[in-house]
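Overview (structure and organization)
The lines below spell out each chain.
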Amino acid sequence: MLTAGLVLAILAALLHVFIFYLESIAWTSKRARAVFGTTEQQALDTRELAFNQGFYNLFLAIMVVVGTLVVALSDHRGVGLALVFAGTAAMLAAALVLGISSPSHRGAAVRQGALPLLAVVVLAIA
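Here's what I pulled together on the structure shown here. (Residues numbered from 1 in each chain as written. Predicted model: local features only at pLDDT ≥ 70, side-chain atom pairs only at ≥ 80, totals over all residues. Heavy atoms only, no water.)

Next up on the list: the overall build of the protein chain. Looking only at helices and strands, the protein chain features five helices and zero strands. Going from the N terminus to the C terminus, the protein chain shows its helices and strands as α-α-α-α-α. On C-alpha atoms alone, the protein chain measures out to a radius of gyration of 15 Å, which is about the 14 Å that the 2.2 N^0.38 rule sets for 126 residues. By its C-alpha atoms, the protein chain is 50 × 25 × 20 Å across when sized along the principal axes. Considering the protein chain as a whole, with its 126 residues, one finds that 35% of them fall into the buried category. Taking the contacts inside the protein chain whose residues are at least 6 apart along the sequence as the reference set, 63% of them involve residues at least 24 apart. Element-wise, carbon and sulfur atoms account for 70% of the exposed surface of the protein chain, whose accessible area totals about 7300 Å². Across the protein chain, the 7 positively charged side chains and the 5 negatively charged ones have centroids separated by 10 Å. (Helix = DSSP H or I, 4+ residues; strand = E, 2+ residues; numbered from the N terminus. Rg over C-alpha atoms; globule rule 2.2 N^0.38 Å. Buried < 20%, exposed > 50% of the residue type's maximum accessible area, 1.4 Å probe, protein only. Contact = heavy atoms within 4.5 Å. Areas by Shrake-Rupley, 256 points an atom, 1.4 Å probe, with all protein chains shown as cover. Lys, Arg positive; Asp, Glu negative; His and termini not counted. Charge placed at Lys NZ, Arg CZ, Asp CG, Glu CD.)

Moving on: helix α5 (residues 106-125). Taking 1.5 Å per residue as the helical rise, α5 with its 20 residues ought to reach 28 Å, and the 27 Å between its terminal C-alpha atoms agrees with that figure. Along its length, α5 reaches its greatest deviation from straightness, about 35 degrees, at Gly 113, and the proline Pro 116 lies no more than four positions downstream. For α5, the complete set of buried residues consists of Ala 109, Gln 112, Gly 113, Pro 116, Ala 119, Val 122 and Leu 123. Where the residues of α5 are buried, they touch α1 (2-25) and α4 (77-101). (Expected span 1.5 Å × (residues − 1). Bend = angle between axes of the 7 residues up to and from the residue.)

Attention now goes to the nonpolar core. Leu 6, Ala 9, Val 64, Val 84, Met 91 and Leu 123 are the most contacted members of the largest nonpolar core, which has 15 residues in total. Elements with a minimum of two residues in this core: α1, α3 (40-73), α4 and α5. In terms of residue count, the dominant contributor to this core is α1 (five residues). The residues contacting Met 91, other than those within four sequence positions of it, are Ala 12, Ala 13, His 16, Leu 60, Ala 61, Val 64, Gln 112 and Pro 116. (Core = buried A, V, L, I, M, F, W, Y, C linked by side-chain atoms within 4.5 Å.)

In the contact formed by α1 and α5, the axes pass within 8 Å of each other and the chain directions differ by 155 degrees. When the interaxial angle is binned, α1 and α5 end up roughly antiparallel. Viewed along their axes, α1 and α5 form a crossing whose handedness is left-handed. On α5, the residues that touch Leu 2, Ala 4, Gly 5, Leu 6, Leu 8, Ala 9, Leu 11, Ala 12, Leu 15, His 16 and Ile 19 of α1 are Arg 111, Gln 112, Leu 115, Pro 116, Leu 118, Ala 119, Val 122 and Leu 123. In terms of residue class, the contact of α1 with α5 is built from 15 nonpolar, three polar and one charged. (Axes fitted to C-alpha atoms, helices over the stretch in contact; angles between N-to-C directions. Parallel < 35°, antiparallel > 145°, perpendicular 65-115°, else oblique. Left-handed = near helix turned anticlockwise from the far one by under 90°. Nonpolar A, V, L, I, M, F, W, Y, C, P; charged D, E, K, R; others polar.)

Here it is in C-alpha cells:
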C-alpha cells in the first residue's frame, strides 16, 4: 500500500508540474488558453498572476518528490511521509477551493484533485 500511495503521489506531482508548465511557461499559448478557457487578451492581462500561480504548483510537486525520495532512500520515513502528505493535501485543498469558488471549473478541480485525494487515502491506510 505504501508503494501504491507514493506512486499516486508522484503522479499527482507530475500533473502539477504540467500545470506549472501551462501557467508559467505556456500561459498565452493557444493550448493553455483552451485548457483554462481564456481569451488571448485575458491571458495577456493575467500572465503575471498565472506565472506566480504556476510556481506554487511546481513547489508542491517538488515537496512530494522530495518526500518520496526521503521515504525510499533514507531511514527518515516519518519526515518523508510528512512532506508527501503536506504536498498532496495542499494540492487537494487547492482543488477544493477551485471547485467551490468557480462552479464552471469543477471538472478541472476534480481532475486536479483526484490523484492527490487517492494518494492521501492510500497513504493513510498504509
